[in-house]
Amino acid sequence: MAEVTVQPLKNGPLLVKGPIQLLDAQGKPMTVPQGQPIALCRCGHSANKPFCDGSHQKAGFQG
Ligand code: FES
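The following paragraphs examine the structure supplied in this document. This structure is a prediction, so every number in the text was calculated from the model and none was measured.

Let's talk about the environment of Ala59
1) Next: Mapped onto the elements, Ala59 comes out in helix H1 (residues 55-59).
2) Next: On the basis of relative accessibility, which here comes to 38%, the residue Ala59 falls in the partly exposed class.

As for the sheet that holds strand E1 (residues 5-8)
1) Next: Across the sheet, which stays open at both edges, the three strands sit in the order E1-E2-E3 with antiparallel pairing between neighbours. Only two strands of the sheet have a single partner each, and these edge strands are E1 and strand E3 (38-40). The average angle at which neighbouring strand axes cross in this sheet is 25°, direction not considered.
2) Next: In terms of strand pairing, E1 meets strand E2 (residues 14-17) through four bridges, oriented antiparallel. Across the sheet, the residue bridging to Thr5 is Lys17, located in E2.

Conventions and cut-offs
Just so you know, the residues in each chain are numbered from 1, in the order the chain's sequence is written. For this predicted model, a pLDDT threshold of at least 70 governs which residues receive local features, and a threshold of 80 or more governs which side-chain atom pairs are given and counted, while totals over whole chains, interfaces and linings are taken from all residues. Side-chain descriptors were evaluated using all non-hydrogen atoms of the structure, hydrogens and water having been removed beforehand. In DSSP terms, a helix is any run of H or I states spanning at least four residues, a strand is any run of E spanning at least two, and both are numbered starting from the N terminus. Three labels apply to residues, based on accessible area from a 1.4 Å probe with only protein chains included: buried if under 20% of the type maximum, exposed if over 50%, partly exposed otherwise in between. If DSSP finds at least two bridges between two strands, the strands pair. Axes here refer to lines fitted to C-alpha atoms; in helices the fit is confined to the stretch in contact. Angles between the N-to-C directions go from 0 to 180 degrees.

Below, the structure is given as structure tokens:
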């Protein structure tokens, strides 16, 4: 079984590596790129939630 890691990046998103299934608020699977890390927003400013769109930088997110 492949390892899944979730790493909070300084002042940025959660970086998720490994095979995951991402579900929306209704529990339906979302399309995610296979074999590539994904970045999940943790600042609340992304216009493309749950994914990071880089807005944390403009918002000055610290975490
Ligand atoms: S963490 Fe990047 S837009 Fe929220």
